[in-house]
Amino acid sequence: MPVLALIEPNEELSLQALSLARDLGQPIHAFAVGEAHVELGAYGVQTVHVAEDERLSAYAPAAWAACLEQLIDRIEPTAVVAAGTSRGNEVLGHLAARRNLPFAANCIAVGSEGTVTRVRWGGSLLEEARIDSELKILSVAPHMVEATTVNGGVANVETVQANLDDGEFVVRVIEHAETRSAGISLAEAKVVISGGRGVGSADGFGMLEELAGLLNAAVGCSRVVTMAGWRPHTDQVGQTGTKVAPDLYIACGISGATQHIAGCKGAKKILAINSDAEAPILASADYAVIGDLAEVVPAITAELRKAQSS
Ligand SMILES: Cc1cc2nc3c(=O)[nH]c(=O)nc-3n(C[C@H](O)[C@H](O)[C@H](O)COP(=O)(O)OP(=O)(O)OC[C@H]3O[C@@H](n4cnc5c(N)ncnc54)[C@H](O)[C@@H]3O)c2cc1C
């Protein structure tokens, strides 16, 4: 039975969602905005439906959901899947509301008879649930399912002539503002340097930015920091922020609350820099430096500069 997947532009997590989509049925149809994506065949996609309406090139959640809905009527899939990104969840939320159907967010596995395993409470709980509807609508928890390829060929590409009125575009992206760590996305960075209350001020992040520049890293932060207005919410790592999975996560002056760890536990290694040898973050850290970050971070930066210039 067919399965329909939403492919977000330039979103690696959509490929992870395809792995779970393949467990739900065959053939896999994908809905993509903008480019043709023939390479999705390697991930088991048989047909990519590309919407060429110019208005869709910017993110517009209701309009994207309307396109999915029109494809559902044509393909009659048994499930619709998207990555559990902010956008994936928002579009599927719209879709579920339009169809008056349940929506299971952050799934990591599917079983028989509509059962799913979902990540709840920031990753501290795995829930077994059953989606009680013919059409299953679900998103896939980020970084919990591997994006594997199959022996698929090149995907067919079909153009979608979506029937969309202006009302579907009431919410849409009209502008992109570059952030200070422009160019390196927090969700995809190989190294993330995050600061917490221990950084002390917005200006204190200057030393983290400097170190990030040397390591090609993205800068993140805890919620205390965004609440204080030192950094924008887009930089927040955690349960209510971005989930990151870098090779190295450097937590500077962060205590390690469960809501923060929920966002960084996908990291391969965690280095904690904290003045408190009893800080909870040490339980999650692979390495720790106990000391004042205002001394430790510039010392690391100086050593790196020395190593890079020799
Ligand atoms: C529903 C809900 C959702 C939440 N979502 C998130 C979320 O997504 N992300 C998130 O981060 N939090 C989240 N929180 C908040 C979370 O519970 C914590 O309050 C927050 O993570 C603490 O931030 P912090 O570690 O920066 O501050 P603190 O807990 O105050 O820790 C500061 C740390 O800095 C250390 N320190 C102080 N000075 C120095 C120094 N000079 N050098 C080195 N170390 C120093 C201290 O020893 C301490 O360990 C959420 C809370 C709730 C209730």
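Reading the values: the criteria
Every chain begins its residue count from 1, and numbering advances along the sequence as written. In keeping with the predicted nature of the model, local features appear solely for residues at pLDDT of at least 70, side-chain atom pairs appear and are counted solely at 80 or more, and the whole-chain, interface and lining totals rest on all residues. With hydrogens and water stripped out, all remaining heavy atoms of the structure feed into the side-chain values. Nonpolar cores are built from buried Ala, Val, Leu, Ile, Met, Phe, Trp, Tyr and Cys residues. Side-chain atoms within 4.5 Å join them into one set. Exposed residues in this analysis have more than 50% of their type's maximum accessible area, buried residues have under 20%, and partly exposed residues fall in between, with area computed by a 1.4 Å probe over protein chains only. The helix and strand labels rest on DSSP assignments: H or I over at least four residues marks a helix, E over at least two residues marks a strand, and numbering proceeds from the N terminus. Contacts between residues were defined by any pair of non-hydrogen atoms, one from each residue, lying within 4.5 Å. We treat two strands as partners when DSSP finds at least two bridges between them. Fitted lines through C-alpha atoms give the axes, limited to the stretch in contact for helices. The angle between two N-to-C directions lies from 0 to 180 degrees. Each residue is tested against the molecule or strand, and it is near if at least one of its non-hydrogen atoms lies within 4 Å. Under the rule applied, a polar contact is a pair of N or O atoms within 3.5 Å (in protein, one hydrogen donor and one hydrogen acceptor; residues adjacent in sequence only if both atoms are side-chain atoms). Working definition of accessibility: Shrake-Rupley area with a 1.4 Å probe, residue cover restricted to the visible protein chains. As a working rule, the residues Ala, Val, Leu, Ile, Met, Phe, Trp, Tyr, Cys and Pro are called nonpolar, Asp, Glu, Lys and Arg charged, and the rest polar, with Gly in that last group. A pair is scored as a salt bridge if a Lys or Arg side-chain nitrogen falls within 4 Å of a carboxyl oxygen belonging to Asp or Glu.

**Student:** What should I look at first to understand the nonpolar core in this one?
**Tutor:** Among soluble globular proteins, nonpolar side chains are generally buried collectively. Formed by 29 residues in total, the largest nonpolar core has its most connected members in L4, F31, L56, L68, V80, L95 and L164. Those elements that provide at least two residues to this core are strand 1 (3–7), strand 2 (28–33), helix 2 (61–75), strand 4 (79–83) and helix 3 (86–99). With sequence-adjacent residues up to four places away left out, L4 is seen in contact with H29, A30, F31, L68, L71, I72, I75, P77, A79, V80 and V81. If you look at the next biggest cluster of nonpolar residues, it comprises 28 residues, including L18, A32, V45 and A83.

**Student:** Help me out: how do you make sense of the environment of D73 in this one?
**Tutor:** Positionally, D73 belongs in helix 2. On a C-alpha basis, the gap between D73 and A277 in space is 59 Å, while along the polypeptide they are 204 residues apart.

**Student:** Would you mind going over the sheet that holds strand 11 (residues 218–221) with me for this structure?
**Tutor:** Two strands in a sheet stick together by hydrogen bonds in their backbones, pointing the same way (parallel) or opposite ways (antiparallel). Strand order in the open sheet formed by 5 strands is 11-10-12-13-14, and the pairing between neighbours is parallel. The open sheet terminates on both sides in strands that have one partner only, identified here as strand 11 and strand 14 (287–290). For this sheet, the mean inter-axis angle between neighbouring strands, taken without regard to orientation, is 20°. As defined by bridge partners, strand 10 (residues 191–195) adjoins strand 12 (residues 248–252) across 5 bridges and the pair is classed as parallel. Following the sheet pairing, V191 is matched in strand 12 by L248. Docked against the sheet, helix 4 (residues 205–215) engages strand 10, strand 11 and strand 12, running at close to 175° with respect to strand 10. Along the sheet face, helix 7 (residues 293–309) touches strand 12, strand 13 (269–274) and strand 14 and points at about 130° away from the line of strand 13.

**Student:** Is there a simple way to explain the site of the ligand in this structure?
**Tutor:** The immediate surroundings of the ligand are formed by 25 residues, with R197, S222, T240, S255 and N274 found nearest. Between the ligand and H260, the relevant distance is 2.8 Å, taken from an oxygen atom to a side-chain nitrogen or oxygen of the residue. In this structure, D292 approaches the ligand through a side-chain N or O atom, which is 2.9 Å from a nitrogen atom. Relative to its free-state accessible area of 990 Å², the ligand is covered by the protein chains to the extent of 74%. Contributing elements (two or more residues each) for the shell around the ligand: helix 5 (223–227) and helix 6 (258–264). Within the shell around the ligand, the residues separate by chemical class into 6 nonpolar, 15 polar and 4 charged.

**Student:** I would appreciate a short explanation of the pattern of salt bridges in the present structure.
**Tutor:** Proximity of charged atoms lets side chains of opposite charge pair with each other. Scanning the entire structure with this criterion turns up 15 salt bridges. With a shortest N-O distance of 2.9 Å, D53 and R55 are connected by a salt bridge. Judged by its relative accessible area of 22%, D53 is partly exposed. When the shortest N-O distance is used, the salt bridge between D166 and R55 registers 3.1 Å. You can see D166 sitting in the loop between strand 9 (156–160) and strand 10 and its partner R55 sitting in the loop between strand 3 (45–51) and helix 2, a full 111 residues away along the chain. Using a relative accessible area of 61% as the deciding quantity, one classes D166 as exposed. In this structure, a network of salt bridges that share partners links the residues E69, D73, R98, R99 and E168.

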